[in-house]
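So you can see what is in the structure, the chains are spelled out below.
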Amino acid sequence: MCGIIGITSLPNNLREPIGKVVRRCLERLEYRGYDSVGIAVIKGNSIEVRKGKGKIVEVNARLNFDEVSGTTAIGHTRWATHGKPSDENAHPHTDCTGSVAVVHNGIISNFLELKEELIRKGHVFKSETDTEVVAHLIEEYLRLGYKPFDAFKAALSRLKGAYAFVVAIAQEPNRLYFARNTSPLVIGIGNGANFVASDIPAFLEFTNMVIVLRDGEYGYIEPGKVYIEKDGVPVNVEERIRLISWTPEMASKEGYPHFMLKEIHEQPFAISSTLAGINEREFDNVVNLLLNSRRVLIIGLVRHTTQALSVITCSRQCLVSTYMR
Ligand code: GLU
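For the structure given in this document, a descriptive report is provided here. For clarity, every value in this text was computed on a predicted model and none was experimentally measured.

## Focus: the sheet that holds strand β9 (residues 186–189)
Here's step 1: If you trace the 8 strands from one edge of the open sheet to the other, you get β3-β2-β4-β1-β10-β9-β11-β15, paired in antiparallel fashion. This sheet does not close on itself; its edge strands, each paired only once, are β3 (46–53) and β15 (242–243).
Here's step 2: Taken together, the 5 bridges between strand β1 (residues 3–9) and strand β10 (residues 193–197) define a ladder with antiparallel strand orientation. Bridged to S9 within β10 is A193.
Here's step 3: In the packing of helix α2 (residues 56–63) onto the sheet, the strands contacted are β2 (36–43), β3 and β4 (72–78), and the crossing angle to β3 comes to about 125 degrees.

Below, the structure written as structure tokens:
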């Protein structure tokens, strides 16, 4: 899990620097990940990125997100899957020119082959993450003369795995692109500002008009516009708007009375997102290893506990029940 947020606003609409607004939204997503944090703000023809290892409060004290002004920004709070927690691996990730910035929640399972292809074409990578390929892929299609939305769609069509993305492209300073496949993503429709985030509480202080995106949907937000498409066909945005009557506290539990109940109901998602991030060969290797083992001892589950147990449950029901007993 990671927390992602994108905001695009009319000038002077937010009443405080956009960096500060993004930082506050990220604090409400910190339950999703907290090993590093970063923001990117479109500034004229370029993008300013501030990011680093550590919790939001620590990194903000070092890098002062709160002072960064602008009208369009993205942010990320990370729980690493590819590449250790470090300043370089913190999101947002950028292309070679620094004019495409990406935040991502999920796993791109074919990133290695894409990375090799892009390196052969001359791209220079700065991190160990799977996410960075997305910025370079978009750059590659822009170089080929694609318009930004087409470049974004062309990049998406190359990706396998689980993802929710928000992408800023400097040449379109009032627009943010997004896409969802398995990882959660919601849009918030505000007054003179629109939002896209991993979870509703991130922007609930600004708006309770929400669209919960479905798998395969992608599009863009501008301060006064939300555009969603699926398989090239526009989605009727008006029909999808829901009014949320939850308080921020209730929203973080998505209507469930307790976090435990919410997490129990999230099990199918935890299993499918885990499986989406594993390629078939890796999965077969794990299953064969388990099948051919005389004894399996689970000695520690530090990260992604639910997912780890889910995979083992799928592969070999009896192993987990033996363990549980
Ligand atoms: N795979 C990305 C990374 O490691 C995103 C992590 C996540 O969503 O947990 O940086």
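## Details of α2
Here's step 1: Three or more residues of α2 are buried, namely I56, V59 and N60. The buried residues of α2 occupy one face: seen down the axis, they fall within an arc of 100 degrees. Residues of α2 that are exposed and point more than 90 degrees away from the buried face comprise V57 and A61.
Here's step 2: In the core, the buried residues of α2 are packed alongside α1 (18–27), β2, β3 and β4.
Here's step 3: Just downstream of α2 lies N64, where phi reads positive at about 50 degrees.

## Looking at the pairing of β3
Here's step 1: Direction of pairing for β2 relative to β3: antiparallel, over a ladder of 8 bridges. Residue pairing in the sheet places I42 in a bridge with I47 of β3.
Here's step 2: Here β2 folds back onto β3 in antiparallel fashion, the turn holding 2 residues, of which G44 has a positive phi close to 60 degrees.

## Section: unusual backbone geometry
Here's step 1: Across the junction of H91 and P92, the peptide omega takes the value 0 degrees, indicating a cis bond.
Here's step 2: For P92, the location among the structural elements is in the loop between β4 and β5 (93–94).
Here's step 3: Phi angles above zero are rare outside glycine, and N64 is one such case at about 50 degrees.

## Here's the deal with the site of the ligand
Here's step 1: Taken together, 14 residues lie around the ligand, and R78, T81, H91, G106 and D130 are the ones closest in.
Here's step 2: With respect to the ligand, the backbone of W79 contributes an N or O atom lying 2.8 Å from an oxygen atom.
Here's step 3: Take T81: an N or O atom from its side chain is 2.7 Å from a nitrogen atom of the ligand.
Here's step 4: If the ligand stood free it would expose 300 Å²; the protein chains cover 99% of that surface.
Here's step 5: The leading source of residues in the shell around the ligand is strand β6 (residues 100–108), at 3 residues.
Here's step 6: Of the residues in the shell around the ligand, the class split is 4 nonpolar, 8 polar and 2 charged.

## Comments concerning the environment of N174
Here's step 1: Its location among the elements puts N174 in the loop between β7 (161–169) and β8 (176–181).
Here's step 2: For the pair N174 and L10, spaced 164 residues apart in sequence, the C-alpha separation works out to 8.4 Å.
Here's step 3: Setting aside residues up to four positions removed in sequence, N174 forms contacts with T8, T71, T72, I221, E222 and P223.

Definitions and limits used
- Residues numbered from 1 in each chain as written.
- Predicted model: local features only at pLDDT ≥ 70, side-chain atom pairs only at ≥ 80, totals over all residues.
- Heavy atoms only, no water.
- Pairing = 2+ DSSP bridges.
- Helix = DSSP H or I, 4+ residues; strand = E, 2+ residues; numbered from the N terminus.
- Contact = heavy atoms within 4.5 Å.
- Axes fitted to C-alpha atoms, helices over the stretch in contact; angles between N-to-C directions.
- Buried < 20%, exposed > 50% of the residue type's maximum accessible area, 1.4 Å probe, protein only.
- Arc of directions from axis to C-beta.
- Near = heavy atom within 4 Å.
- Polar contact = N/O pair within 3.5 Å; in protein donor to acceptor, adjacent residues only side chain to side chain.
- Areas by Shrake-Rupley, 256 points an atom, 1.4 Å probe, with all protein chains shown as cover.
- Nonpolar A, V, L, I, M, F, W, Y, C, P; charged D, E, K, R; others polar.

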